[in-house]
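So you can see what is in the structure, the chains are spelled out below.
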Amino acid sequence: MNGVMGVIFASDNENKLNELTIHRTTASLPFCGRYRLIDFTLSNFVNSGITQIGIVTRSNYSSLMDHIRMGRDWDLNRKNGGLSVFPPFVLNSSREMYKGKIEAIYSIQGFIRRSPEEYVLLSNSNIAMNIDFDEVMAAHLAAKADVTMLVHKAKTTTSRRLVVETQDGEVKDLYISVTPSSEDKLLGLNVYLIKKDLLLSLVEHEYARGHVDFEKDILMKQLGSIKMHPYLVKHHAAIVDDVRTYYNESMKVLDPAVREELFYGDSIIYTKVKDSVPTLYKENACVKNSLIADGCEIDGLVENSILFRGVKVEKGAEVRNSIIMEDGKVMENGSVCYAITDKNVTVTAGRTISGYESYPVVIVKDKTV
Amino acid sequence: MKSRNKKECVAMLLAGGQGTRLGVLTHDVAKPAVPFGGKYRIIDFPLSNCINSGIDTIGVLTQYQPFELNQYIGNGQPWDLDRLSGGAYVLPPYVKGKEGEWYKGTANAIYQNINFIDRFNPEYVVVLSGDHIYKMDYDKMLAAHKAKGADCTIAVIGVTIEEASRFGIMNTDPDDRIFEFEEKPKQPKSTNASMGIYVFTWSVLRQYLIDDEADPKSQNDFGKNVIPKMLADGKKLYAYRFQGYWKDVGTISSLWEANMDLLNASSGLNLNDPSWKIYARNSAEPPHFAAGSAEIQNSIVSEGAMVLGSVKRSVVSHSAYIGLGAIIEDSVILPDAVIKAGAVVRHAIVAEGAVIGEGAKIGETQKAPVKGEWQIAVVGPGVKIAPSVVVAPAEMVKEDK
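Residues numbered from 1 in each chain as written. Chains lettered and ligands numbered in written order. Predicted model: local features only at pLDDT ≥ 70, side-chain atom pairs only at ≥ 80, totals over all residues. Heavy atoms only, no water.

Enquirer: Got a minute to help me understand the overall build of chain A in this structure?
Expert: Helix and strand content of chain A: nine helices and 28 strands. Taking 2.2 N^0.38 as the reference for a compact globule, 369 residues should give roughly 21 Å; the C-alpha atoms of chain A span a radius of gyration of 21 Å, in line with that estimate. Residues classed as buried in chain A amount to 60% of the 369 residues present. Across chain A, the fraction of contacts at a sequence separation of at least 24, relative to all contacts at a separation of at least 6, is 59%. Accessible surface for chain A amounts to roughly 14,600 Å². Of this, 46% is attributable to carbon and sulfur atoms. Charge centroids of chain A, computed over 44 positive and 48 negative side chains, lie 3 Å from each other. (Helix = DSSP H or I, 4+ residues; strand = E, 2+ residues; numbered from the N terminus. Rg over C-alpha atoms; globule rule 2.2 N^0.38 Å. Buried < 20%, exposed > 50% of the residue type's maximum accessible area, 1.4 Å probe, protein only. Contact = heavy atoms within 4.5 Å. Areas by Shrake-Rupley, 256 points an atom, 1.4 Å probe, with all protein chains shown as cover. Lys, Arg positive; Asp, Glu negative; His and termini not counted. Charge placed at Lys NZ, Arg CZ, Asp CG, Glu CD.)

Enquirer: Is there a simple way to explain the packing of helix α6 (residues 202–214) of chain B against helix α7 (residues 222–232) of chain B in this structure?
Expert: Helices that pack against each other are described as a pair by the angle of their axes relative to one another and the distance between those axes. Residues and elements named next belong to chain B. With their axes 11 Å apart at the nearest point, α6 and α7 run at an angle of 120° to one another. α6 and α7 meet at a crossing whose hand is right-handed. Each of Val204, Leu205, Tyr208, Leu209 and Asp212 in α6 lies in contact with α7, whose residues at this interface are Phe222, Asn225, Val226, Lys229 and Met230. Residues that form the contact of α6 with α7 fall into these classes: seven nonpolar, one polar and two charged. (Axes fitted to C-alpha atoms, helices over the stretch in contact; angles between N-to-C directions. Left-handed = near helix turned anticlockwise from the far one by under 90°. Nonpolar A, V, L, I, M, F, W, Y, C, P; charged D, E, K, R; others polar.)

Enquirer: Whenever I open this one, the domain arrangement of chain A confuses me. Can you help?
Expert: In many analyses, interface size is given as the accessible surface area lost on bringing the parts together. Residue and element names in this part refer to chain A. One can read the domain layout of chain A as domain 1 (4–263) and domain 2 (280–363). Inter-centroid distance (C-alpha atoms) of domain 1 to domain 2 is 32 Å. Each partner contributes residues to the interface: domain 1 has 19 residues there, and domain 2 has 22 residues. Together domain 1 and domain 2 conceal approximately 1,700 Å² of surface at their shared face, both sides included; 67% is due to carbon and sulfur atoms. Between Arg24 and Asp342 there is a salt bridge, with the nearest N and O atoms lying 2.7 Å from each other. The tally of links from domain 1 across to domain 2 stands at four residue pairs in polar contact (both at pLDDT 80 or more). Counting only elements with at least two residues in the side of domain 1 that touches domain 2, the list comes to β2 (30–31), β3 (35–36) and α8 (243–252). Here the side of domain 1 that touches domain 2 takes six residues from α8, the largest share from any one element. Of the residues assigned to the side of domain 1 that touches domain 2, the class counts are eleven nonpolar, two polar and six charged. (Domains from an automatic or database assignment. Buried area = accessible area lost by both parts, 1.4 Å probe. Salt bridge = Lys/Arg side-chain N within 4 Å of Asp/Glu carboxyl O. Polar contact = N/O pair within 3.5 Å; in protein donor to acceptor, adjacent residues only side chain to side chain.)

Enquirer: In this structure, what is going on with the environment of Glu358 of chain B? I would like to understand it.
Expert: Residue and element names in this part refer to chain B. Within the element layout of this structure, Glu358 appears in the loop between β28 (355–356) and β29 (361–362). Assessed through its relative accessible area of 39%, Glu358 is described here as partly exposed. It is 38 Å that separates the C-alpha atoms of Glu358 and Trp246, two residues lying 112 residues apart in sequence. The contacts of Glu358, once residues within four sequence positions are left out, are Lys340, Ala341, Pro387 and Ser388.

Enquirer: Would you explain the pairing of strand β8 (residues 147–154) of chain A in this entry?
Expert: As a general feature of sheets, a regular strand has side chains that alternate between the two faces. Residue and element names in this part refer to chain A. Of all eight residues in β8, seven are buried, a share of seventy percent or more. Both β8 and strand β11 (residues 185–195) contribute to a ladder of seven bridges, which runs antiparallel. The residue of β11 that forms the bridge with Met149 is Tyr192. Here five bridges tie β8 to strand β12 (residues 228–232), and the two strands are oriented parallel to one another. Directly across from Thr148, in β12, lies its bridge partner His229. (Pairing = 2+ DSSP bridges.)

Enquirer: Got a minute to help me understand helix α5 (residues 138–148) of chain B in this structure?
Expert: Residues and elements named next belong to chain B. Those residues of α5 that fall on the buried side of the exposure criterion are Tyr138, Met141, Leu142 and His145. Each buried residue of α5 sits inside an arc of 100° when the element is viewed along its axis, so together they form one side. Turned more than 90 degrees off the buried face of α5, the exposed positions are Lys140 and Ala147. One side-chain oxygen of the residue at the start of α5 lies 2.9 Å from the amide nitrogen of Asp139, identifying that residue as Asp137. Following α5 by one or two positions, Gly149 adopts a phi angle in the positive range, close to 60°. (Arc of directions from axis to C-beta.)

Enquirer: It is not clear to me how the sheet that holds strand β17 (residues 295–297) of chain B should be interpreted in this structure. Could you clarify?
Expert: Pairing between sheet strands relies on hydrogen bonds along the backbone, with the strands arranged either parallel or antiparallel. All names here are of chain B. One open sheet holds the six strands; their spatial order is β17-β20-β23-β26-β29-β32, and the pairing between them is parallel. Looking at strand neighbours, the two that pair on one side only are β17 and β32 (390–391), the edges of this open sheet. Strand direction decides the pairing type here: strand β20 (residues 310–312) and strand β23 (residues 327–329), joined by three bridges, are parallel. Along β23, the bridge assignment pairs Val311 with Ile328.

Enquirer: What should I look at first to understand the interface of chain A and chain B in this one?
Expert: Each partner contributes to the interface: chain A provides 35 residues, whereas chain B provides 36 residues. Around 2,900 Å² of area is buried between chain A and chain B when both sides are counted, 47% of it from carbon and sulfur atoms. Inspection of the region where chain A meets chain B yields four salt bridges. With its nearest N and O atoms 2.9 Å apart, the salt bridge here joins Glu303 of chain B to Arg34 of chain A. Put simply, chain A and chain B have 24 residue pairs in polar contact (both at pLDDT 80 or more) between them. The pairing of strand β14 (residues 279–281) of chain A with strand β18 (residues 299–301) of chain B spans three bridges and is classified as antiparallel. Its bridge partner lying in β18 of chain B, Leu280 of chain A is registered against Ile300 of chain B.

Enquirer: Can you walk me through the pattern of salt bridges in this structure?
Expert: Two side chains with opposite charge may pair up if their charged atoms get near one another. In the structure shown here, the tally under the stated rule is 41 salt bridges over all chains. Between Lys227 of chain A and Glu170 of chain A there is a salt bridge; the shortest N-O distance is 4.0 Å. Separated by 57 residues along the polypeptide, Lys227 of chain A in the loop between α7 (214–222) and β12 and Glu170 of chain A in strand β10 (residues 170–177) bring together distant segments of the chain. Relative accessible area serves as the criterion here: at 30%, Lys227 of chain A is assigned to the partly exposed category. Looking at Glu170 of chain A, the relative accessible area reads 33%, which means it is partly exposed. In this structure, a network of salt bridges that share partners links the residues Arg313, Glu329, Asp330 and Arg346 of chain B.

Enquirer: Just checking my understanding: could you explain the pairing of strand β4 (residues 52–56) of chain A for this structure?
Expert: All names here are of chain A. Burial analysis of β4 places five of its five residues in the buried class, which makes it a mostly covered element. The two faces of β4 match: Gln52, Gly54 and Val56 on one face and Ile53 and Ile55 on the other face are all buried. Inspection of the sheet shows β4 paired to strand β5 (residues 82–86) by five bridges, in the parallel sense. The partner of Gln52 across the bridge, within β5, is Gly82. Assessed by its sense of winding, the connection that carries the chain from β4 through helix α2 (residues 62–68) to β5 is right-handed. (Right-handed = clockwise from strand over helix to strand, strands pointing away.)

Enquirer: Help me understand unusual backbone geometry in this model?
Expert: Keep in mind that most residues, glycine aside, have a negative phi and that most peptide bonds are trans. Residues and elements named next belong to chain B. A positive phi angle is found at Ser319, which is not glycine, with a value near 65°. Considering the arrangement of structural elements, one finds Ser319 in the loop between β21 (315–316) and β22 (321–322). Among the residues examined, Ser319 registers a relative accessible area of 16% and is labelled buried.

Enquirer: What is the right way to look at the nonpolar core in this model?
Expert: Inside soluble globular proteins, nonpolar side chains tend to come together where they are buried. All names here are of chain B. Counting 77 residues, the largest nonpolar core has Met136 and Ile349 as the members making the most contacts within it. Tallying contributions element by element places helix α8 (residues 252–261) first for this core, with five residues. For Met136, the contacting residues outside a window of four places in its chain are Asn49, Ser53, Met141, Ala155, Met195, Ile197, Tyr240, Phe242 and Trp276. (Core = buried A, V, L, I, M, F, W, Y, C linked by side-chain atoms within 4.5 Å.)

Below you can see the structure in the form of structure tokens.
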């Protein structure tokens, strides 16, 4: 797809991810044992031939830069196109960070305009799925749409989601939901395909009026005047917008059917290569229903959990229903249950960390318990 | 005049070996491309040693079944060898002038690439082979070579006197100067076994290669011809004593042993070493999954693997599948192999993409195994074993059964 460029917003809902995004953007949130959330969007772009990609960051972007470097792990170190990362900027007028996607797009309008592609794919970074954007483009052209928005079927929760109501294959109504629903609805995935001229003119118009919210100030307002086409993503799509959805979406990946859709679909999901050794299981290892990255050393019990790279679980230690990020260490007879421990957390010998399924406890980066 | 492309030291990696003793494992690939340790290939060791030693220009001499090796090395990026100047070069034999010929021997392979080496105008050339598992700092060896003012330095490792008759043995004076070289001596005089790793002063080697090529009686081999000739001429050859793990994985038995050494901390083979990483081309697989029914102890498991059965004292490579109720013991399961439900695999190597049917039995528990003479069963790459078929210990399966 030579005619499409990609724009990724690296920061969304960071305030709701609390401790997990103190040190990083949503885009660089570790996910599924060896990935960062942005790996999915980048890999989907690359596998669909989209290689002119801009990433707009808002804050704490050093972990993101460290992860993507020059984009080589996604084959994005190109002479033509490749990755352009836009660091946080302060708008002259307001002297603060951008507040919404309208401001963000406005700030990189030069980059978008100068790129030779005719279309733009806009994507948030809090999404993990495996999709072929060629099919999205084909559907967009077939529907003669102005905007194609990706949607999936899911129940609403207390987090802010865009509900899409359709009629005859077109978007009829859009509204924001913050209350849980009992049945599935069509929910927006915050991924849009649009001609760049149209995007820039819409953004310019709203920006001049001080509006910031892409969904509210552009999409909802333009209902009826531009043709919006919903594209239903049938495969698994994980949206992470707070600690609870992070935990739940992580645990879903323990299901082989979900992993099949996420990792063995159209795209190969690439990530930064760290050259860890394979994981070593020792004499007392007992590992059940768990996803284990390379570089771990396990001599204890691990159950219904996800271990990132380089995690050590010592003899007598127990890890249940938990997510242990890179280089975590659970020492002898330590116990971790319903917890998310960030990078490089050490649980010392005999200590216990325990949360609840509905409220997993988060231990921040580099802490020793 | 200073050449802007000059490199102090260039490595030449002999990767053309057919590895006939590995049988079906090297039927379609060169020996250095044989998978090892869950996610590596044998060639990852010399390549990683080079880059970790500061050598960034490596000629990889291929000949036998080069395609997979070429593809694997690619532009050298996984080893940080994609350089503006230098990097990894795959060097197959090619037609020169009217004549074109295969590499006749190890020395001839280097001889045919004199022009390649000359382009970097190096002081020293390191000659390596692609069939050993070890971690070694070639820079220290090079420093010893320079300190002694040697023409050639040969890395040696201490072996037992019983083992010595299987190796090339270097007999040295107290200053480590080599006065005699004996290939597989019946009555070894010392226990300094050659590791097949040489540092040469290029100007000296260059002339010897030209002379060797001109000698119609020569087999154009380093061990048989070039080294003995240099000794006879009184050149300065020194032994460099290497301490640490080193293993020639040229046989099924030794390849299996080296894999098992990864499971045993006392073997001295520790790859989890941030200061000396072994790099490999990454397979872009998700983390491995241990199912609720899995039992895994004393084993290593790599990315993309799926384990539903029992795995003991084994190596499970990336993207392998171990079905429900399957039993894997003392075995090496190579990438993409599928072990179906209820199959039993003991003392075996199951090669890439092989499929072991339900309830099949591969190998058997050894009765009083003799070290070095393990009865390892091998199922070749892509071979399909039908349900309930029995493969005997030490059997090598080449075709579907």
